[in-house]
Amino acid sequence: MTSLRGKISIAGIGNTKRWDAPGRNAFDQLQEAAYLALEDCGLSMGDVDGLYCALSGSGLPILNVAERLGIAEQLRHADGTMVGGSSFLFHLRSAISALATGQCSVALVCYGSNQRSAGGKLASMPDPQPFEAPYAPRYPISSYSLVAARHMHEFGTRREDLANVALAARQWAQLNPAAFIRDQLSLQDVLAARMISDPISAADCCLVTDGGGALVLTRTEQARDLAKPLVPVLGTGIGITHRQISRMPSLVETGAKRSGAAALAEAGVTPEQIDHVMLYDAFTICTLLFLEDLGFCAKGDGGAFVSSGAIAPGGSLPVNTNGGGLSCNHPGMYGLFTLIESVEQLRGEAGERQINGVELALAHANGGVFSSQATAILGTAATL
Amino acid sequence: MCSSRSQVCDERFDGPGPEAQWQSHLEKGTFLIQNCHHCSHWQFPPVACCQHCGAATPELIPASGKATVYSSTTVRSRKGDYNVAIVELDEGPRMMSRIEDIEVDGVKIGMAVRASIRGNETPIVVFTPEEARP
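The shown structure was predicted, so the numbers you read here are calculated from the model rather than taken from an experiment. (Residues numbered from 1 in each chain as written. Chains lettered and ligands numbered in written order. Predicted model: local features only at pLDDT ≥ 70, side-chain atom pairs only at ≥ 80, totals over all residues.)

Q: Explain the overall build of chain A to me, using residue names and the numbers behind them.
A: If you tally the helices and strands in chain A, you get 12 helices and 11 strands. Whereas a compact globule of 384 residues would reach a radius of gyration of roughly 21 Å, chain A reaches 19 Å, a difference of no more than 12%. Seen along its three principal axes, the alpha-carbon backbone of chain A occupies a region of about 50 × 45 × 40 Å. Out of the 384 residues in chain A, the part that is buried amounts to 62%. When contacts within chain A are restricted to residue pairs at least 6 apart in sequence, long-range pairs at least 24 apart make up 79% of them. (Helix = DSSP H or I, 4+ residues; strand = E, 2+ residues; numbered from the N terminus. Rg over C-alpha atoms; globule rule 2.2 N^0.38 Å. Buried ≥ 20, exposed ≤ 12 C-beta atoms within 10 Å, placed from the backbone. Contact = placed C-beta atoms within 7 Å.)

Dropping the structure here:
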């Protein structure tokens, strides 16, 4: 089997940073981000022959997006896999295969949402769960609450540990002028927040924003000739465990264990070598579990690790440096933004929040209710 | 039944689907889970094949009803707080349910519970603490 390590690179990124944009629909956000990503690397819409997208409000995303972008008839490969917020890292893996085998040459991965301005609630596609719905869990919050409650039971994790995830995210957001919420936040504020589904309160939940993001991928030899510093994809992995939370094999271990191991193995690196980490923080408990399952701390130690200050600015492991889904943005499905921030850090474009000397970055995304996991390891030209 | 197509359909999958069968038994007062006649694997919710060995049409049989609370949350609602739990059945499978006949703050992980079918129009399987039983 051919190694795909470093064969494909992220050539361009686009981010609308329009987190509250009434009057724009999801496609407007997506199209602006796609334009910005192509402009970022010096390509144009006419070059795109691979399309990858998922949308909360569209069952036929590829058709809708291809038509609107005006690229329908030039497409040679497309994938609208929908596994929730991690879809875009699944798309990344699909695009890598298509690019590496010559099924396309310029891949566009893109997303847009107007979920904040369209009503402020998480837009979800019809996907009935007849064996859970009769018990009226708050979807998706109660599913994450059941995981947090079990983690507390098995490992003694405290609400303060979860709160420290939210505080670290806010401290990073204060260094990011594009973050949606940058107000001061204290431990008392978080612990006093309105309880929604024990032990998860409003302060443990991600933002509800609008937004659009996009990536342009090419084979690495082509990316070398494009406008921006090379960001090769060194490894990827996926892990699916369930759809309904009641079918999660263990409530304290996610598919990130499998997706992370696969991505790290392909990249040929260990967690200790990673300089920068993005973890999809839909809820504070997500960050704890992913730190454990990706190997940044031992199983059960996530709470103590976070409460030691490790992931906050100045800590030993920079995590969610844009402010994360908790404080930067969360337009329904956030996975693509973990890759965008990783690329900015690897290129040295992150301004006040820039981490010195980032050579290896890990981006991890979650979908459904801890149901689908996907991990990518990105590097600089020096890591090839 | 697939009678008009009996020559072309596989008869092992004839009749109502497993979810419909499960629902009609629940409406008659029986809580069923699936057991594979081939590898003895227990599973829930009911589906067309065994998720362990792949055998067709695992059997729907009455659950013992004995279970343990695996995790639990209290949903804070304007209409009142209520419990949502995942219970682990003694046979092995887990399911979402609600623990009743106890204050929401009294539900603890590890607590022994037993199944009960409640609700007239649309019956559902809930669980009650073992010690609260007469």
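Okay, back to it.
Q: Before we move on, can you summarise the sheet that holds strand 10 (residues 360–367) of chain A with the specific residues and values?
A: Residues and elements named next belong to chain A. One open sheet accounts for 4 strands, arranged 8-11-10-9; its pairing is mixed. Each edge of the open sheet carries a strand with a single partner, namely strand 8 (233–240) and strand 9 (276–279). The sheet shows a mean angle of 10° between the axes of neighbouring strands, direction not considered. The sheet strands contacting helix 3 (residues 87–100) are strand 8, strand 10 and strand 11 (372–379), and the helix crosses strand 8 at an angle near 125°. Its contacts with the sheet place helix 8 (residues 256–267) against strand 8, strand 10 and strand 11, and it is angled at close to 160° to strand 8. (Pairing = 2+ DSSP bridges. Axes fitted to C-alpha atoms, helices over the stretch in contact; angles between N-to-C directions.)

Q: How would you summarise the domain arrangement of chain A if you had to cite specific residues and measurements?
A: Residue and element names in this part refer to chain A. Domains assigned within chain A are domain 1 (8–120 + 209–230) and domain 2 (138–207 + 235–383). Using C-alpha coordinates to define each centre, domain 1 is positioned 23 Å away from domain 2. For the side of domain 1 that touches domain 2, the secondary structure elements donating two or more residues are strand 1 (8–15), helix 3, strand 4 (106–113) and strand 7 (211–219). Here the side of domain 1 that touches domain 2 takes 7 residues from helix 3, the largest share from any one element. Split by residue class, the side of domain 1 that touches domain 2 holds 15 nonpolar, 11 polar and 4 charged. (Domains from an automatic or database assignment. Nonpolar A, V, L, I, M, F, W, Y, C, P; charged D, E, K, R; others polar.)

Q: A description of helix 1 (residues 26–41) of chain A should follow, citing residues and the corresponding values.
A: Residues and elements named next belong to chain A. Given a rise of 1.5 Å per residue, 16 residues ought to cover 22 Å, and the 23 Å separating the end C-alpha atoms of helix 1 matches this to within 8%. The buried count for helix 1 comes to 12 of 16 residues, which makes it a mostly enclosed element. Taken residue by residue, helix 1 has A26, F27, Q29, L30, Q31, E32, A33, A34, A37, L38, D40 and C41 as its buried positions. If you follow the buried residues of helix 1, they end up packed against strand 1, helix 2 (61–69), strand 4 and strand 7. Where helix 1 ends, the next residue or the one after it, G42, has phi of about 85°, a positive value. (Expected span 1.5 Å × (residues − 1).)

Q: Can you break down the sheet that holds strand 1 of chain A residue by residue, with the values?
A: All names here are of chain A. Read across the sheet, 5 strands follow the order 1-7-4-2-3 without closing on themselves; strand pairing throughout is mixed. Looking at strand neighbours, the two that pair on one side only are strand 1 and strand 3 (77–79), the edges of this open sheet. With strand direction ignored, the average angle separating the axes of adjacent strands in the sheet is 15°. Where strand 2 (residues 50–53) meets strand 4, 4 bridges bridge the pair, whose relative direction is parallel. Looking across to strand 4, one finds that G50 is bridged to A107. Helix 1 contacts strand 1, strand 4 and strand 7 of the sheet and is inclined by roughly 130° relative to strand 1. Packed onto the sheet, helix 2 meets strand 2, strand 3 and strand 4 and runs at close to 125° relative to strand 2.

Q: Account for the interface of chain B and chain A, naming residues and giving values.
A: Between chain B and chain A, the residue contacts involve 16 residues of the former and 19 residues of the latter. Among the elements of the structure, strand 4 (66–75), strand 5 (82–89) and strand 6 (94–97) of chain B are those that each provide at least two residues to the side of chain B that touches chain A. Tallying contributions element by element places strand 4 of chain B first for the side of chain B that touches chain A, with 5 residues. A per-class count over the side of chain B that touches chain A returns 8 nonpolar, 5 polar and 3 charged.

Q: Just give me the short version of the nonpolar core, but keep the residues and values in it.
A: All names here are of chain A. Among the nonpolar cores identified, the biggest contains 153 residues, and V109 and L378 are the most heavily contacted of them. When residues in this core are grouped by element, the largest group, 9 residues, is from helix 5 (residues 159–173). For V109, the contacting residues outside a window of four places in its chain are Y52, F88, H91, L92, A95, A214, L215, L217 and L336. (Core = buried A, V, L, I, M, F, W, Y, C linked by C-beta atoms within 7 Å.)

Q: Please provide a residue-by-residue account of the confidence of the model for chain B, values included.
A: For chain B, mean pLDDT is 94; residues scoring 70 or higher make up 93% of the total. Here the complex is predicted with pTM 0.97, and the ipTM for its interfaces comes to 0.95. (pLDDT = per-residue confidence, 0-100.)

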